[in-house]
Amino acid sequence: GSDDASQAVADWRLAVWTLCSVLLPVLITAWCSFQRSRRQLLIRDIFRKSKHDWHYTDLFGQPSYCCVCAQHILRGAFCSCCGLRVSESCLKKADQRFLCKEIMMRGTAGAPSSMPHHWIRGNVPLCSCCIVCKQQCGTQPKLCDYRCVWCQYTVHDECMVDYLRTEDCTFGEFKDLIIPPYYLSAINQMRKEKRTSYEKVAPYGRKHWMPVMVLANTRSGNNMGETLLGEFKMLLNPVQVFDLSKIGPAKALQLCTWLPCNTVRVLVCGGDGTVGWVLDAIDEMKIKGQERYIPQVAILPLGTGNDLSNTLGWGAGYAGEAPVEQILRNVMEADGIKLDRWKVQVTNKGYYNLRKPKVFTMNNYFSVGPDALMALNFHAHREKTPSLFSSRIINKAVYFFYGTKDCLVQKCKDLNKKVELELDGERIELPNLEGIIVLNIGYWGGGCRLWEGMGDEPYPLARHDDGLLEVVGVHGSFHCAQIQVKLANPVRLGQAHTVRLILKSSKMPMQVDGEPWAQGPCTVTITHKTHALMLYHSGEQTDDDDASSLSE
């Protein structure tokens, strides 16, 4: 009996230990995940209420030290406006202790025309030099040395003297691009008092002041927009930097009305579609009677199609090869030019057609035929699986696939029998074609000069400011590919101020600036709409997609 009892006890103990060995790790895991989610909620709460623009990272890109406890940290939070770096445990203290960059100056009497440096200790940029002794800063493996968040000057701990703490900030290299906080607070006060004599506010009348606004589409090009937003906020006033996924260009551009007329420069970070969106918002400003506040537009090409940016000298695609400082220098040095913008009106055929005609605005090109079909197929697949299309290289590969597939399908055959073409009212006899492309700019199809072709014939260069459109024909997608690698010329149909295209029968793929659709019988009329004020960077334009003209 005693043996049975002791066996039962042993079994019971074994069962308890087995249960404990199973339950304990489960309980520990549950407790850890509860603590983690609680910690994340607290961090998110601090992020939401903070005046800093905090972001969390699992690994800092350079050796970093917590601005509160001075310990070396691999991960933690950083502010994308002022550059503070902090460990998770010190986040609350840092948020309360340190001020971020001020968009406007608070509680100032009168209208100040200067402000002191705003120094932040530690984590200075690599290879920065002290403004006092000219030696390299941040060389010691600890929290050391200071950086001003406005002028980006750096200074050693031992070189930091009293006059530097109270000295007026010069705003550094980009003083001509930055909107100072004291300017915005003065203008804000004047607006409240219904006064409009902004000329008296510094630096309104300063000769070379050309405030810049950065409008970034964070959905364009490999999510690079997110990183760029932070880098521009570091160098400029955060009020000058806009995320177009959160605020539309029409609202963002209202900042121009706070600034001197004809001085503002806008840097659009995105593809040609984003540029078109911003230019449409600028056209709305003209309608509202804000013509004198219209800015000049520069481009940082992030999208898949960057033909407009290439035409204006900003390169065929930015992948981080030039530092943000160089981009701002390029914007400062760029020259103003005009870009023709065109109205494309598509009127459906039929006696009972009561629908309004479709109206588009064109900056780059209009086409009917194989390249529109490629764009239509590409768009249909991008809508189904957007996550696949985050890389420019994948996008180009998919375009190539649809181009070669189209060779077999030949959906656009005998286009010349289905359409009539009029240039400035004159009917054009069409040869055997599969596609017609109407160009406003020099580049087409991701870096190819379509109108010039192989460049072996003395045709005048295509211009984007002469009020003329170039009209060419292609024999199919294989012919398009040959033109892109300079093995063939397009069928040049002529230049015109007005283009009219009548689709007599069947459905055809059409596109305006990369936005495709399938179109039944209709009349397409392209007429001049307006001019856009653009900035031209005199770096080299590129046929090769990998090269870029951003760094000189």
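An unreviewed UniProt entry annotates the protein as Diacylglycerol kinase of Leucopsar rothschildi. Taken from UniProt, the Sequence similarities (unreviewed entry) comment for the protein reads in full: "Belongs to the eukaryotic diacylglycerol kinase family."

J.: Just checking my understanding: could you explain the packing of aromatic side chains for this structure?
T.: Centre distance and the angle of the planes are the two values used to describe a pair of aromatic rings. Considering all chains together, one arrives at five aromatic pairs under this definition. Pairwise contacts between aromatic rings join W150, F171 and Y182 into one cluster. Lying across the ring of Y443, R449 places its NZ or CZ 5.0 Å from the centre.

J.: In this structure, what is going on with the pattern of salt bridges? I would like to understand it.
T.: One pass over the full model with this rule turns up 14 salt bridges. The salt bridge partner of E420 is K504, with a shortest N-O separation of 3.9 Å. Taken as a pair, E420 in strand β16 (residues 419–423) and K504 in the loop between β23 (499–503) and β24 (508–512) lie far apart in primary sequence, 84 residues in all. Here E420 falls in the partly exposed class, since its relative accessible area comes to 21%.

J.: Please explain the sheet that holds strand β7 (residues 146–148) as it appears in this structure.
T.: Two modes of strand pairing occur in sheets, parallel and antiparallel, and in both the strands are linked by backbone hydrogen bonds. Taken in spatial order, the three strands make up an open sheet running β6-β7-β8, and their pairing is antiparallel. Since the sheet does not close on itself, it has two edges, and those belong to β6 (119–121) and β8 (154–155), each with one partner. Bridging between β7 and β8 involves two bridges; their strand directions are antiparallel. If you follow Y146 over to β8, its bridge partner there is V155.

J.: Help me understand the side chain of H117 in this model?
T.: Structurally, the position occupied by H117 is in the loop between α2 (91–97) and β6. Reaching out from H117, the side chain makes a polar contact with the side chain of E167 at a distance of 3.0 Å. Apart from residues lying up to four places away in sequence, H117 is in contact with C148, C151, Y153, L164, E167, D168 and C169.

J.: Looking at this model, I keep getting lost on the packing of helix α5 (residues 224–235) against helix α9 (residues 324–333). Mind explaining?
T.: The geometry of a pair of packed helices is captured by two quantities: the angle between their axes and the separation between those axes. Interaxial distance between α5 and α9 falls to 10 Å at its minimum, and their mutual angle equals 70 degrees. Of the possible angle classes, the one that applies to α5 and α9 is roughly perpendicular. Crossing geometry of α5 relative to α9 is assigned as right-handed. Contact with α5, carried on its side by L228, E231, F232 and L235, involves V324, E325, I327 and L328 of α9 and no other residues of that element.

J.: How do you make sense of α9 when you look at a structure like this?
T.: Turn by turn, an α-helix covers 3.6 residues, leaving residues three or four places apart pointing in a common direction. Buried within α9 we find V324, Q326, I327, L328, N330 and V331. In the core, the buried residues of α9 are packed alongside β9 (212–216), α5, β11 (265–270), β12 (296–301) and β26 (522–536).

J.: Whenever I open this one, the sheet that holds β24 confuses me. Can you help?
T.: Pairing in this open sheet of six strands is antiparallel, and the strands run β22-β21-β18-β15-β24-β25 from one edge to the other. Two strands close off the open sheet at either side, each with one partner strand: β22 (491–496) and β25 (515–519). On average, each strand axis in the sheet is inclined to that of its neighbour by 15 degrees, with strand direction left out of account. Where strand β15 (residues 365–368) lies against strand β18 (residues 435–439), four bridges are found, and the strand directions are antiparallel. Residue pairing for β18: V368 is matched across the bridge by I436.

J.: I tried to follow the UniProt feature "transmembrane region" (unreviewed entry) in the protein on my own but got confused; where do I start?
T.: In the numbering adopted here, UniProt assigns the feature "transmembrane region" (unreviewed entry) to residues 14–34. As annotated, residues 14–34 comprises 100% helix and 0% strand, and the C-alpha atoms at either end are separated by 30 Å.

Thresholds, definitions, all that
Residues numbered from 1 in each chain as written. Predicted model: local features only at pLDDT ≥ 70, side-chain atom pairs only at ≥ 80, totals over all residues. Heavy atoms only, no water. UniProt positions renumbered as here; feature names shortened; annotations may be inferred. Phe/Tyr/Trp six-rings, centres within 6.5 Å; stacked < 30°, edge-to-face > 60°. Lys NZ or Arg CZ within 6 Å of the ring centre and 35° of its normal. Salt bridge = Lys/Arg side-chain N within 4 Å of Asp/Glu carboxyl O. Helix = DSSP H or I, 4+ residues; strand = E, 2+ residues; numbered from the N terminus. Buried < 20%, exposed > 50% of the residue type's maximum accessible area, 1.4 Å probe, protein only. Pairing = 2+ DSSP bridges. Polar contact = N/O pair within 3.5 Å; in protein donor to acceptor, adjacent residues only side chain to side chain. Contact = heavy atoms within 4.5 Å. Axes fitted to C-alpha atoms, helices over the stretch in contact; angles between N-to-C directions. Parallel < 35°, antiparallel > 145°, perpendicular 65-115°, else oblique. Left-handed = near helix turned anticlockwise from the far one by under 90°.

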